Amino acid sequence: MSLSFAPPNLASATIALLQSSSLTSVVQQDIERAILAGEYAPGSKLVEATLAEKMGVSRGPVREAFRMLEEAGLVRNEKNRGVFVRDIPMDEAVEIFDLRAVMDELVGRQLAVNITSGQLKEIKALVEAMERAVKSNDTRHYHLLNLKFHDRLVEMAGNRKLTSIYRKLIKELALFRRLNLADGWLMPISAGEHRQIVKAIASGNAEEAGKAMFDHVMESKVRTIQNDLHRHTRSAASRVREHRSV
């Protein structure tokens, strides 16, 4: 019996390609995690050389990671200026909220019929963890739990295509949502709506569960718009006061 092997140069090239691809993926995931966790604020510049040194890699994987993150909608590459964390404009955020509401309604309807006792226990535990974050006024932890709660609901619905599209939208919206939830007074409202979602899903009533999830997203959209307007109003008032004091 004879064994065939790939030519040494071809085998080496294949291994190098796999190693490069794997390294790029690791770099991309680490930068994405940092962006979604708020370590890099919207509008901040990502410097290729700095990140390469920080991660102990060459600039090639970082450059390729930037390309992947741009496709994911998390960064923008400006010619002759560099790569920046995207600052999602309000009109785009509203469009994402509207699309997400419809998708979440479908998820709620499906889970009301198909959720298992183990899955129900898991999402109840996530809500309880969010309520503890509210009590300790831990906005960062609450934000991460909020993302995990909704991601798990979509994942539990079992529609892989929906999950893929949903995750892309949520990543784009995450910076906007993080800024919104950074105002601590919104957390108890958000946590209460999550509790209602779990209750509706547990009831087995598809219409009620779908409505609870749809309404939660639409309420979040309204709060986001109002919060953004208040933020701009406060900023404008501050600039006026500074101008008068000069």
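For the structure itself, consult the block above.
This structure is a prediction, so every number in the text was calculated from the model and none was measured. (Residues numbered from 1 in each chain as written. Predicted model: local features only at pLDDT ≥ 70, side-chain atom pairs only at ≥ 80, totals over all residues. Heavy atoms only, no water.)

(A) Quick peek at the pairing of strand β3 (residues 82-85). In this structure, strand β1 (residues 45-46) lies alongside β3, joined through two bridges in antiparallel fashion. Considered in β3, the bridge of L46 is made with V83. Note: strand β2 (residues 75-78) against β3, four bridges, orientation antiparallel. Paired with R76 across the bridge in β3 is F84. Connecting β2 to the antiparallel partner β3 that follows it, the hairpin turn spans three residues, and N80 within it adopts a positive phi of roughly 65 degrees. (Pairing = 2+ DSSP bridges. Helix = DSSP H or I, 4+ residues; strand = E, 2+ residues; numbered from the N terminus.)

(B) Just the layout of surface pockets, in detail. Within this model, the largest pocket holds a volume of roughly 450 Å³. Lining of the largest pocket is provided by 19 residues; of these, L36, L147, K148, I170 and K171 occupy positions nearest its centre. Sort the elements by how many residues they give to the lining of the largest pocket and helix α7 (residues 160-181) lands first, with seven residues. In terms of residue class, the lining of the largest pocket is built from eight nonpolar, three polar and eight charged. (1 Å grid on protein atoms, 1.4 Å probe; cavity = no way out; pocket = protein on both sides within 12 Å on 5 of 7 lines; lining within 4 Å. Points joined across faces, edges and corners; volume = space filled by probe spheres on them. Nonpolar A, V, L, I, M, F, W, Y, C, P; charged D, E, K, R; others polar.)

(C) Up close: the environment of I31. When you line up the elements, I31 lands in helix α1 (residues 8-36). Put simply, I31 and L51 are 20 residues apart on the chain and 8.7 Å apart in space, counted from C-alpha to C-alpha. Not counting chain neighbours up to four residues away, the residues in contact with I31 comprise L46, L51, M55, A65, F66 and L69. (Contact = heavy atoms within 4.5 Å.)

(D) Inspection of helix α8 (residues 187-203) at higher detail. Over its 17 residues, α8 extends 25 Å from the first C-alpha to the last, a length consistent with the 24 Å expected when each residue adds 1.5 Å. Just downstream of α8 lies G204, where phi reads positive at about 80 degrees. (Expected span 1.5 Å × (residues − 1).)

(E) Examining the nonpolar core more closely. Membership of the largest hydrophobic core comes to 40 residues, with the highest contact counts inside it found for V107, I123, F149, L153 and I201. When residues of this core are traced back to their parent elements, those giving at least two are α4 (90-114), α5 (117-135), α6 (139-157), α7, α8 and α9 (206-245). Looking at this core, the element that brings in the most residues is α4, giving eight residues. Beyond its immediate sequence surroundings of up to four residues, L153 is in contact with V107, L111, I123, I197, I201 and M213. Counting 20 residues, the second largest nonpolar core, distinct from the first, contains I35, F66, L74 and V85. (Core = buried A, V, L, I, M, F, W, Y, C linked by side-chain atoms within 4.5 Å. Buried < 20%, exposed > 50% of the residue type's maximum accessible area, 1.4 Å probe, protein only.)

As far as function goes, none of this settles anything; it's purely spatial.
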